[in-house]
Amino acid sequence: MAESRRPRNLIPLLTLAGVLAIAVVVAIVLMLNRMPAPAAAPGAGSPSPEASGASEAAPTPTETEAETEAPTASEVVLGADGFTIVADDGSELYAYEWRGDADAAVAALTEAFGAEPSESIYEGDGTHFPDYTSYTWDGFTYFDMIPTEGGKSRDEYFVPSYVTVTGADVSGVAVTPEFDLAIGLTADEVRALGPDREVEMSDGEPRFFFAIDRINGTQGDAELDGYSPWVNTDPVDETVVSITYRPWSDL
């Protein structure tokens, strides 16, 4: 039997196919070697790049508060014409004149002291002095007259409003009278400050009056040149227990 033979053109084709297969394998290996390794997923609690950048750019709470924090009351200063609420940066928050609007005064004091006052009625004599509504914070009381139908107007009364201080401060807000007066001073210390008049009251304690020359006119025409400090002392140890701002009068 004759020996079978492969076609001569089949050998070159097989050789070419083998070369192409090897080239494909080499190309795949090179491509895999050039691909970047996958990035590791961020661990729990690790901020993303976007979050980290935002955190660094945002202002701190302290900086924000410093920019927006409004001044707060630090002192109530009493004087001849009224009282002034002064802020912790030295600016004036509110100024009240003794015949000014009571509602505005109570609102300003409430904001300064950070608490609502207790209210009560203080009876006058119906002629020289009206009835008053007293607004009391711990250490400070503001009195304002109660108008009556057919009675005197606010402008006709000698003392339409006044203030009594019984503490050095109210909720950390200092209360400052004139002439270096202060709650707790002894009678001798008050005398050293040069009061215009000293009067012994019925229970024996001395009462001191300062700046009595601020009044022009009489009670009838109620022409005021300012209020004066009235200093009351305790009858036992003769220390200052209250300072009242109201017009001086011999009555």
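Just above sits the structure.
Residues numbered from 1 in each chain as written. Predicted model: local features only at pLDDT ≥ 70, side-chain atom pairs only at ≥ 80, totals over all residues. Heavy atoms only, no water.

Peer 1: I tried to follow the overall build of the protein on my own but got confused; where do I start?
Peer 2: Scanning the protein from N- to C-terminus turns up 5 helices and 13 strands. The buried share of the protein, taken over its 251 residues, is 33%. With the model as given, the accessible surface of the protein reaches about 15800 Å², and the carbon-plus-sulfur share is 54%. (Helix = DSSP H or I, 4+ residues; strand = E, 2+ residues; numbered from the N terminus. Buried < 20%, exposed > 50% of the residue type's maximum accessible area, 1.4 Å probe, protein only. Areas by Shrake-Rupley, 256 points an atom, 1.4 Å probe, with all protein chains shown as cover.)

Peer 1: Can you help me understand the layout of surface pockets in this one?
Peer 2: If a probe as big as a water molecule is rolled over the atoms, it shows which places are left empty. Here the second largest pocket is characterised by a volume of approximately 180 Å³. Taken together, Pro71, Thr72, Ala73, Ile85, Leu93, Tyr94, Ala108, Glu111 and Ala112 form the lining of the second largest pocket. Elements with a minimum of two residues in the lining of the second largest pocket: strand 3 (92–97) and helix 4 (102–113). The residue inventory of the lining of the second largest pocket, partitioned by class, reads 7 nonpolar, 1 polar and 1 charged. (1 Å grid on protein atoms, 1.4 Å probe; cavity = no way out; pocket = protein on both sides within 12 Å on 5 of 7 lines; lining within 4 Å. Points joined across faces, edges and corners; volume = space filled by probe spheres on them. Nonpolar A, V, L, I, M, F, W, Y, C, P; charged D, E, K, R; others polar.)

Peer 1: Hey, could you run me through the sheet that holds strand 3 in this one?
Peer 2: Two pairing modes exist for strands in a sheet, parallel and antiparallel, and in both the strands are linked by backbone hydrogen bonds. Spatially, 3-2-1-9-8 is the arrangement adopted by the 5 strands of the open sheet, whose pairing is mixed. Every other strand in the sheet has two partners, leaving strand 3 and strand 8 (169–170) as the edge strands with one partner each. The pairing of strand 8 with strand 9 (residues 173–176) spans 2 bridges and is antiparallel. By the bridge assignment for strand 9, aspartate 169 is matched with alanine 174. (Pairing = 2+ DSSP bridges.)

Peer 1: When you look at the environment of glutamate 75 in this model, what are you seeing that I'm missing?
Peer 2: In this structure, glutamate 75 sits in strand 1 (residues 73–78). The spatial distance from the C-alpha of glutamate 75 to the C-alpha of alanine 87 is 6.9 Å, given a sequence separation of 12 residues. Once you skip the residues sitting within four places of it in the chain, glutamate 75 turns out to touch Thr84, Ile85, Val86, Val173, Ala174 and Thr176. In this structure the side chain of glutamate 75 is engaged in a polar contact, spanning 2.6 Å, whose partner is the side chain of threonine 176. (Contact = heavy atoms within 4.5 Å. Polar contact = N/O pair within 3.5 Å; in protein donor to acceptor, adjacent residues only side chain to side chain.)

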